[in-house]
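# Examination of the molecular architecture
Read off the chains here:
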Amino acid sequence: MLRRLTVVTALLAAALTATATGTAAAADTPLRDLAEARGIYLGTAVTGGKLTGAYAGTAAAQFDSVTPGNEMKWGSVEPVRGQYSWTGADRIADFAEAHGQRLRGHTLVWHSQLPSWVENGTWTPDALRTVMTDHVTTQVTRYKGRVDHWDVVNEPLNEDGTLRRSVFGATLGESYIGDAFRAARAADPAAKLYLNDYSTDGLGAKSDGMYTLVERLLAQGVPVDGVGFQAHLILGQVPSTLEANLRRFSDLGVDVAITELDVRMTLPATEAKLAQQKADYAAVTRACLAVTRCAGLTVWGFTDSDSWIPDFFPGQGAATPYDEGLNPKPAYAGIAEALAPVTPPGPAGCAATYTVQSQWGGGFTGQVTVRNTGSAPLTGWRVAWEYPAGQRITQAWNAAVTQTGTAVTATHLSYNGTVPAGGSATFGFNASWTGTNPPPAALTCA
Ligand code: 9MR
């Protein structure tokens, strides 16, 4: 809550600008500034060896957090037992510091990109535990005070939500997770410690497995501060339950973050696919913004020339917000528009947020949430917006909605006009669209 209130005040001037000039204002402002103003960070994975020239310039200008794509992994930093090589990791840490960026440490304990002496060693439980905690302690100590989030344990689960039989899981069972977190906490008490996984973004068996794992760890007093959702997504398949899923974890008492967002498509990229990708990036950004404990969002490479997708999924790619020539794609605008300061509070403490719940050829379902940001009850509300691309509302529920030209007005019904301080009311609608379906630049609420 604190985050949102701070944001509202800080954003009034910027919001008025955005209202007057539409999404162009958001698109011209660096993403990192838009994100900071909304109370989240916007990060990117980077490749240390590329941090020069335009690549470095864009990484520094647009993002306020960086994650080493590979340079902090066990195989990179401790290829031989007890012999550490920090050059690649240091380079990115120095870059982050030079540009006022946060640093996400990725990752301490993972079954992949392990040095072979770990992966193929013959271990007693005690020996492996010692090797693992030594590694965690050494690396976290090295970057103490410089890394704000550590992915302490990465990808601990199978697809069905059970514990992955990695060398760690097979030798130590679930206990290795608590041991890794405790070692990290001891080495840098200020760093936020995360569990991170993929295919846990929406509700489902794997995400249920993560949920119960976090519950167990917290009950044991394991210092888990956050859960990372990688969000390696397929075009048009942002899970509809993403926001609800983030919220249930935050309700457990941990922070959440989107840690490796990309949206892959079958090549070639077409205008229609890029428009869908824009909507997908916007939807993920909005889901994070909607959950107060969502600390931020990281894209897994900001340019298509620096993405893992083509190597791992032959025939697919174009998964990031910039093309190979470092030109922003529609996905960039999708993030910018989602981060735009669209909802200055009305005098009665009324703020409205607009989301596209689902979209199909020619149609979409939208939802608006009216929040009472004041300290007295709202007794009736009216939300208005302008559609930028000819969208037409065809049907609405939980509000009386009228549209004249591009102008839409929605008024409460008899049963949902009164909203207590801190409370909210939600209404929905179906609408048609052609070409593109950008959200309104601003909503007014009174
Ligand atoms: O982006 C990373 C790529 O360069 C590596 O080749 C790959 C090896 O598995 O790892 C990529 O990053 C992964 C991340 O560390 C963990 N989640 C999945 C990411 C994509 O594979």
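Look up a bit, the structure's there.
Now for a quick tour of the structure. Note that the structure is a prediction, hence the values are computed from the model and not measured. (Residues numbered from 1 in each chain as written. Predicted model: local features only at pLDDT ≥ 70, side-chain atom pairs only at ≥ 80, totals over all residues. Heavy atoms only, no water.)

## Examining the sheet that holds strand E20 (residues 443-445)
By definition, the strands of a sheet pair up through backbone hydrogen bonds, in either a parallel or an antiparallel sense. Strand order in the open sheet made by the 4 strands is E16-E17-E14-E20, with antiparallel pairing throughout. Taken across any chain shown, the strands that pair with only one partner, and hence form the sheet edges, are strand E16 (400-404) and E20. Strand after strand, the sheet turns through a mean of 15° between neighbouring axes, direction not considered. Judged from the 5 bridges that link them, E16 and strand E17 (residues 407-411) form a sheet pairing that is antiparallel. Its bridge partner being in E17, Gln403 is matched across the sheet by Val408. (Pairing = 2+ DSSP bridges. Helix = DSSP H or I, 4+ residues; strand = E, 2+ residues; numbered from the N terminus. Axes fitted to C-alpha atoms, helices over the stretch in contact; angles between N-to-C directions.)

## Here we look at the site of the ligand
The local shell around the ligand holds 13 residues, among which Lys73, His106, Glu155, Glu260 and Trp300 are the closest. His106 is positioned such that a nitrogen or oxygen atom in its side chain is 2.6 Å from an oxygen atom of the ligand. One of the side-chain N or O atoms of Glu155 is found 2.9 Å from a nitrogen atom in the ligand. Against a free-state accessible area of 450 Å², the protein chains account for coverage of 80% of the ligand. Given that more than half its atoms are within 2 Å of the pocket grid, the ligand belongs to the second largest pocket. Here the shell around the ligand is built from residues that sort into 4 nonpolar, 6 polar and 3 charged. (Near = heavy atom within 4 Å. Polar contact = N/O pair within 3.5 Å; in protein donor to acceptor, adjacent residues only side chain to side chain. Areas by Shrake-Rupley, 256 points an atom, 1.4 Å probe, with all protein chains shown as cover. 1 Å grid on protein atoms, 1.4 Å probe; cavity = no way out; pocket = protein on both sides within 12 Å on 5 of 7 lines; lining within 4 Å. Sits in = over half its atoms within 2 Å of the grid points. Nonpolar A, V, L, I, M, F, W, Y, C, P; charged D, E, K, R; others polar.)

## Details of the sheet that holds strand E19 (residues 424-432)
Within the open sheet, the 4 strands sit side by side as E11-E12-E19-E15. Their pairing is antiparallel. A strand with exactly one partner marks an edge of an open sheet, and here the two such strands are strand E11 (350-360) and strand E15 (392-397). Neighbour-to-neighbour, the strand axes of the sheet open up by a mean angle of 25°, direction not taken into account. In terms of strand pairing, strand E12 (residues 363-372) meets E19 through 9 bridges, oriented antiparallel. Across the sheet, residue Gln367 finds its bridge partner in E19, namely Gly428.

## Some points on the packing of aromatic side chains
For the coordinates displayed, the defined rule picks out 22 aromatic pairs. Here the aromatic rings of Phe302 and Tyr322 are separated by 5.7 Å at their centres, their planes lie at 85°, and the arrangement is edge-to-face. Of the two residues, Phe302 sits in the loop between strand E9 (294-299) and helix H14 (309-312) while Tyr322 sits in the loop between strand E10 (316-317) and helix H15 (330-339), which places them 20 residues apart along the sequence. Residues Phe302 and Tyr322 agree in their burial class; the two are buried. Members of the aromatic cluster, joined through ring pairs, are Tyr354, Phe364, Trp381, Trp385, Tyr387, Phe427 and Phe429. Above the plane of the ring of Tyr198 lies Lys206, whose end atom (NZ or CZ) is 3.6 Å from the centre. Seen from the ring of Phe313, Arg264 lies directly overhead, with NZ or CZ sitting 3.9 Å from the centre. (Phe/Tyr/Trp six-rings, centres within 6.5 Å; stacked < 30°, edge-to-face > 60°. Buried < 20%, exposed > 50% of the residue type's maximum accessible area, 1.4 Å probe, protein only. Lys NZ or Arg CZ within 6 Å of the ring centre and 35° of its normal.)

This is a description of form; function is not addressed.
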